[in-house]
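This is what each chain is made of:
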Amino acid sequence: QVQLVESGGGLVQPGGSLRLSCTASVPIETINLARWYRQAPGKQRELVAGIGNDGATMYGESMKARFTISTDNAKKMVYLQMNSLRPEDTAVYSCNLRMRVPGTPLLDYWGQGTQVTISS
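Residues numbered from 1 in each chain as written. Predicted model: local features only at pLDDT ≥ 70, side-chain atom pairs only at ≥ 80, totals over all residues. Heavy atoms only, no water.

A. How the structure looks around the nonpolar core. If you look at the biggest cluster of nonpolar residues, it comprises 31 residues, and the most contacted ones within it are Trp36, Phe67, Leu80, Met82, Tyr93, Leu97 and Met99. In terms of residue count, the dominant contributor to this core is strand S9 (residues 91-100) (five residues). Among all residues touching phenylalanine 67, those that are not within four sequence positions of it are Arg38, Val48, Tyr59, Leu80, Gln81, Met82, Asn83, Leu85, Asp89 and Tyr93. (Core = buried A, V, L, I, M, F, W, Y, C linked by side-chain atoms within 4.5 Å. Buried < 20%, exposed > 50% of the residue type's maximum accessible area, 1.4 Å probe, protein only. Helix = DSSP H or I, 4+ residues; strand = E, 2+ residues; numbered from the N terminus. Contact = heavy atoms within 4.5 Å.)

B. Looking closely at the packing of aromatic side chains. Taken as a whole, this structure holds one aromatic pair when the rule is applied. Ring centres 5.1 Å apart and planes at 45 degrees place the aromatic pair tyrosine 37 and tryptophan 110 in the tilted group. Note that tyrosine 37 is positioned in strand S4 (residues 30-39) and tryptophan 110 in strand S10 (residues 107-110), a separation of 73 residues in sequence. Of the residues examined, tyrosine 37 reaches a relative accessible area of 14% and is grouped as buried. A cation over an aromatic ring shows up here: arginine 45 above the ring of tyrosine 37, its NZ or CZ 5.2 Å from the ring centre. (Phe/Tyr/Trp six-rings, centres within 6.5 Å; stacked < 30°, edge-to-face > 60°. Lys NZ or Arg CZ within 6 Å of the ring centre and 35° of its normal.)

C. Inspection of the sheet that holds strand S7 (residues 67-72) at higher detail. In space, the four strands of this open sheet follow the order S1-S3-S8-S7, with antiparallel pairing throughout. Lying at the two open borders of the sheet, with one neighbouring strand each, are strand S1 (4-7) and S7. Between one strand axis and the next, the sheet turns by 15 degrees as a mean value, whatever way the strands run. Sheet analysis places strand S3 (residues 18-24) next to strand S8 (residues 77-82), joined by five bridges and oriented antiparallel. In the strand pairing of S8, arginine 19 is matched with glutamine 81. (Pairing = 2+ DSSP bridges. Axes fitted to C-alpha atoms, helices over the stretch in contact; angles between N-to-C directions.)

D. A look at the confidence of the model for the chain. The predicted model of the chain has a mean per-residue pLDDT of 94, with 100% of residues at 70 or higher. Taken element by element, the predicted model of the chain shows its lowest mean pLDDT in S1 (93) and its highest in strand S2 (residues 10-12) (98). (pLDDT = per-residue confidence, 0-100.)

E. How the structure looks around the environment of asparagine 73. Here asparagine 73 lies in the loop between S7 and S8. Separated by 15 residues in sequence, asparagine 73 and glutamate 88 place their C-alpha atoms 31 Å apart.

F. Structural context of unusual backbone geometry. The backbone of alanine 65 sits at a positive phi, close to 75 degrees, despite the residue not being glycine. As for its position among the elements, alanine 65 is in the loop between strand S6 (57-59) and S7.

G. Inspection of the pairing of strand S5 (residues 46-52) at higher detail. Pairing between S4 and S5: six bridges, direction antiparallel. Bridge pairing in S5 links tyrosine 37 to leucine 47. Taken together, S4 and the strand that follows it, S5, pair antiparallel across an intervening segment of six residues, in which glycine 42 is found at a positive phi of about 80 degrees. Taken together, the three bridges between S5 and S6 define a ladder with antiparallel strand orientation. Bridge pairing in S6 links alanine 49 to tyrosine 59. Connecting S5 to the next strand, S6, in antiparallel fashion are four residues, including glycine 55 with a positive phi near 90 degrees.

Put into structure tokens, the structure is as follows:
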């Protein structure tokens, strides 16, 4: 069973930084699209950032200039560098990969999420 493994969440003070990581529990043949989403209590899930296999990126409006999504194609890892964190960034952050695992078609996979809490 394919699982996405996320790490890097935690508690930081406002203005601090965190780097989230995401990869799969099995070898990955190709990542077509990687996205990070977040969901805060009582709010709808929102797209944080995305990166295509051509390197093109996109960000949610409040994340621009503070967050950076990147991939390590050799390691098949996806990262989300988050700087200048604010209390309103507190949420569960989830990784979504549109990828192909050997022997399967291109599919969307979701991680279980990692908690990010910004508080003094």
